[in-house]
Each structure stands twice: as structure tokens, then as C-alpha cells.
Amino acid sequence: STSAGTLQFSGTSANTYSGLTTLNAGQFQLNKSPGVNAIAGGLTINAGASATLLAAEQISSSSTLTLSGGTFNMNTYSETIGSLIYTSGTLTQGG
């Protein structure tokens with residue numbers, strides 16, 4: 001994502017794209033049915049971008065989440081990932 005708008009992944013079917021998703025700007029909302037993968041591959045959140053959980057377990061449990069200046073808001077939901085790479089940015093567990 002490179003635009004300043006809001007993009008929401010929602011629905012009941014898993015996202016099958018398993019490559020790296022890189023966020024450079026805007027807001028990315030993960031809102032699939034709980035336990036259905038909105039992100040099947042890795043997720044990188046750069047400065048100027050944010051990702052927010054709107055339901056539990058949106059990222060594959062084998063994925064790598066990289067925070068590189070951006071924001072990841074868990075919004076009180078649970079999330080299991082394979083690994084976290086933190087360079088800079090904000091990780092929020094609560095609302």
C-alpha cells in the first residue's frame with residue numbers, strides 16, 4: 001500500500017497471496033472472520049503506515065511481522081505470528 005487512504009481486508013475467505021505485504025502509507029484494517037488469514041505471508045509496516053486488527057488471528061502463525069517506523073495496533077485482539085522484527089515504530093496491544 002502506498003496511498004494515504006484506508007484499505008480493509010474483510011470477508012470469510014482466506015487471502016491466498018503468500019508474498020510479502022509492505023505498507024508504506026495509509027491505514028490497513030485486518031477484518032476477516034476470526035481465525036481466517038487476511039495476511040498469509042510476511043507483513044512489513046514502514047513509517048507513515050499503520051495496520052489495525054478488527055478481529056482476532058488475522059495473520060498466518062508462520063508469518064514475520066516487521067515494524068520499521070509504522071504502527072501495529074492489536075486493538076485488544078489476540079494474534080499469533082512466527083516472528084517479530086522491530087526496528088522502530090509502535091506496537092499497541094490495547095484499544
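What you are looking at is a predicted structure, and each value in this text was computed from that prediction instead of being measured. (Residues numbered from 1 in each chain as written. Predicted model: local features only at pLDDT ≥ 70, side-chain atom pairs only at ≥ 80, totals over all residues. Heavy atoms only, no water.)

Draft legend 1. Local environment of the packing of aromatic side chains. As enumerated under the stated definition, the model contains 1 aromatic pair in all. Taking 4.9 Å as the distance between ring centres and 70° as the angle between the ring planes, the aromatic pair formed by Phe9 and Phe28 counts as edge-to-face. You can see Phe9 sitting in strand S1 (residues 6–11) and its partner Phe28 sitting in strand S3 (residues 26–32), a full 19 residues away along the chain. Overall, the relative accessible area of 3% leaves Phe28 in the buried class. (Phe/Tyr/Trp six-rings, centres within 6.5 Å; stacked < 30°, edge-to-face > 60°. Helix = DSSP H or I, 4+ residues; strand = E, 2+ residues; numbered from the N terminus. Buried < 20%, exposed > 50% of the residue type's maximum accessible area, 1.4 Å probe, protein only.)

Draft legend 2. Spotlight on the nonpolar core. Counting residues in hydrophobic clusters, the biggest one holds 15 residues, and the most contacted among them are Leu23, Leu30, Leu43, Ile45 and Phe72. Residue assignment for this core shows that the elements contributing at least two residues are S3, strand S4 (43–46), strand S5 (49–53) and strand S6 (64–73). (Core = buried A, V, L, I, M, F, W, Y, C linked by side-chain atoms within 4.5 Å.)

Draft legend 3. Quick peek at the side chain of Glu79. Tracing the backbone shows Glu79 in the loop between S6 and strand S7 (83–92). Buried Glu79, no salt bridge; nearest opposite-charge side chain is Lys32, N-O distance 13 Å. Within the structure, the side chain of Glu79 is placed 3.1 Å from the backbone nitrogen of Ile59, a separation counted as a polar contact. In this view, Glu79 contacts Leu53, Glu57, Gln58, Ile59 and Met74; residues no more than four positions away in its chain are not counted. (Lys, Arg positive; Asp, Glu negative; His and termini not counted. Salt bridge = Lys/Arg side-chain N within 4 Å of Asp/Glu carboxyl O. Polar contact = N/O pair within 3.5 Å; in protein donor to acceptor, adjacent residues only side chain to side chain. Contact = heavy atoms within 4.5 Å.)

Draft legend 4. Geometry of the pairing of S6. As paired strands, S5 and S6 are joined by 3 bridges and run parallel to one another. Pairing of Ala51 across the sheet is with Phe72, part of S6. (Pairing = 2+ DSSP bridges.)

Draft legend 5. Structural view of the pairing of S5. Taking burial as the measure, the 5 residues of S5 include 5 buried ones, the bulk of the element. By the bridge criterion, 5 bridges tie S3 to S5 in an arrangement that is parallel. Within the sheet, the bridge partner assigned to Gly26 lies in S5 and is Ala49.

Read these as layout, nothing more, since geometry by itself doesn't imply function.
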